[in-house]
Amino acid sequence: MYLGIDLGTSGVKVLLMDDDQQVVASATAPLTVANPHDMWSEQDPADWIAATDAAMTQLKAEAPQAVGAIRGIGLSGQMHGATLLDAADQVLRPCILWNDTRSHAEAAALDADPAFRQISGNIVFPGFTAPKLVWAKNNEPDTFDKVRKVLLPKDYLRLWLIGGHVSEMSDAAGTSWLDVGGRCWSDQLLEASGMTRDQMPDLVEGSAPSGELRAELASRWGLPSGVIVAGGAGDNAASAVGLGTVAAGDGFVSLGTSGVVFAATDSYLPKPESAVHAFCHALPDTWHQMGVILSAASALSWFAGVAGQSPAALTQALGDAVKPAGAATFLPYLSGERTPHNDANLRGSFLGLSHSTGTPEMTRALLEGVTYALRDNLAALESAGGRIDALLAVGGGARSRYWLQLIATVLGVPVQIAADGDYGAAFGAARLGLLAATGAEAAEICTRPTLEATLDPDLSQKDSFDEGYQRFRALRIAMR
């Protein structure tokens, strides 16, 4: 048995997988996000531990024998978060999350140093880790002076699990401190942001062991001794492992809190000026490209709250057959934007409303706006040398057949729907746990799922959505 632990933004999920890679059981526990100021997004790391413990307690109650046979654990988690620890490993302040943009000025200052793009292969985005530490130095100097370790969210969870400071390549690539081509910390980038290598965790590959589960936790949850904890992966790389998106040409689209267009590559292909992320993959000697929008399914959830309906009710009311581009346009920049604009100050808008605009029309406009933003991402990724033959759909938004058909049509790429099963980040983490515990070959384990359906682009609607996309782009420029 192998366990995947996924530390998301809205909750922790634990998933149990057997030797045949069949999901045996899973459990979740919720998390909340604090937004004490505009552009701020924080969580208390103690909540991550409490949620993981609660989910594991539930899993043990549901499948005690299976839990008792666990041999390996993999971790996945939200990326970029800055968890600041003192010399005694005590948390110094709430973790600054991936979608926090308070450090936009610090990010711009670091990005002006050519070394960051040259060595890290990426723009220094406000959501990345390095500018958050510079912000802390500028705004919370007493706290900054006490920092002895900086851990990414899942790696703080790992500290609790194994008692050591360890990270892995895919998550570390999103800090702006990693030499992504060389797969090691960069002393030059650390020094440029006021940090040292001593403040960084050790690095392992995602499929390699990072340590053993502490005896206290093994006893608490009913696990055997000597359980291996794998390096794991950032959430999107873990999802890619779960989906078998590990070879060049493989891709997926994620409709979670954020929206992601992900392409696996067999070489390092940076193009920072496109705002595409060029990161290490979770497997040795592999990389990936990723375009990220900050509001995807979260934009639909926001509008559902305003409309007083559930997201599912809003999308189900549209049916499955995609209608031509609507007259209303939605700009999905509720939290600023990353790819391809790198602008923390962009904000969302509905435009082109009239007396005939109702909830269904606004829902369509919202889905179209997020999809147009994903098209921006695909174009940026292709300009950086990426190639996607088809996109597997994952995330909460992927439950909407209407939205998936819309994505296929607007992006001009077939969208694949996996057969029933759980292929997300927790499943990918469990696969990494299996690899670390057994030494199995990744090519044998990280296979693609069986498909339920493939949605091809509706070419009869191409002109309509091309016009809608051009209107979307023009309105974004005008609003900016």
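The structure under discussion appears in the preceding block.
Residues numbered from 1 in each chain as written. Predicted model: local features only at pLDDT ≥ 70, side-chain atom pairs only at ≥ 80, totals over all residues. Heavy atoms only, no water.

A. Highlighting the overall build of the chain. Counting its secondary structure elements, the chain contains 18 helices and 24 strands. Taking 23 Å as the expected radius of gyration for a compact globule of 480 residues, we find that the chain reaches 21 Å, a close match to that expectation. In terms of principal-axis extent, the alpha carbons of the chain reach across some 65 × 50 × 40 Å. Looking at the 480 residues of the chain, the share that counts as buried comes to 61%. At a minimum sequence separation of 6, the contacts of the chain that also span at least 24 residues come to 73%. For the chain, the accessible area works out to roughly 17100 Å², and carbon and sulfur atoms hold 49% of it. When the 33 basic and 53 acidic side-chain charges of the chain are each reduced to a single mean position, those positions are 3 Å apart. (Helix = DSSP H or I, 4+ residues; strand = E, 2+ residues; numbered from the N terminus. Rg over C-alpha atoms; globule rule 2.2 N^0.38 Å. Buried < 20%, exposed > 50% of the residue type's maximum accessible area, 1.4 Å probe, protein only. Contact = heavy atoms within 4.5 Å. Areas by Shrake-Rupley, 256 points an atom, 1.4 Å probe, with all protein chains shown as cover. Lys, Arg positive; Asp, Glu negative; His and termini not counted. Charge placed at Lys NZ, Arg CZ, Asp CG, Glu CD.)

B. Layout of the side chain of D6. Considering the arrangement of structural elements, one finds D6 in strand β1 (residues 2-7). Buried within the structure, D6 lacks any salt-bridge partner; its nearest side chain of opposite charge belongs to K13, at an N-O separation of 7.3 Å. In contact with D6, other than residues within four places in its own chain, are G11, V12, K13, S76, G77, A425 and A426. (Salt bridge = Lys/Arg side-chain N within 4 Å of Asp/Glu carboxyl O.)

C. Structural view of the packing of helix α14 (residues 359-383) against helix α18 (residues 462-479). As a packed pair, α14 and α18 sit with axes 10 Å apart at the nearest point and diverge in direction by 85°. By the angle class used here, α14 and α18 are roughly perpendicular. Here E368, G369, Y372, A373, R375 and D376 of α14 come into contact with α18, specifically with F465, D466, G468, Y469, F472 and R473. In terms of residue class, the contact of α14 with α18 is built from five nonpolar, two polar and five charged. (Axes fitted to C-alpha atoms, helices over the stretch in contact; angles between N-to-C directions. Parallel < 35°, antiparallel > 145°, perpendicular 65-115°, else oblique. Nonpolar A, V, L, I, M, F, W, Y, C, P; charged D, E, K, R; others polar.)

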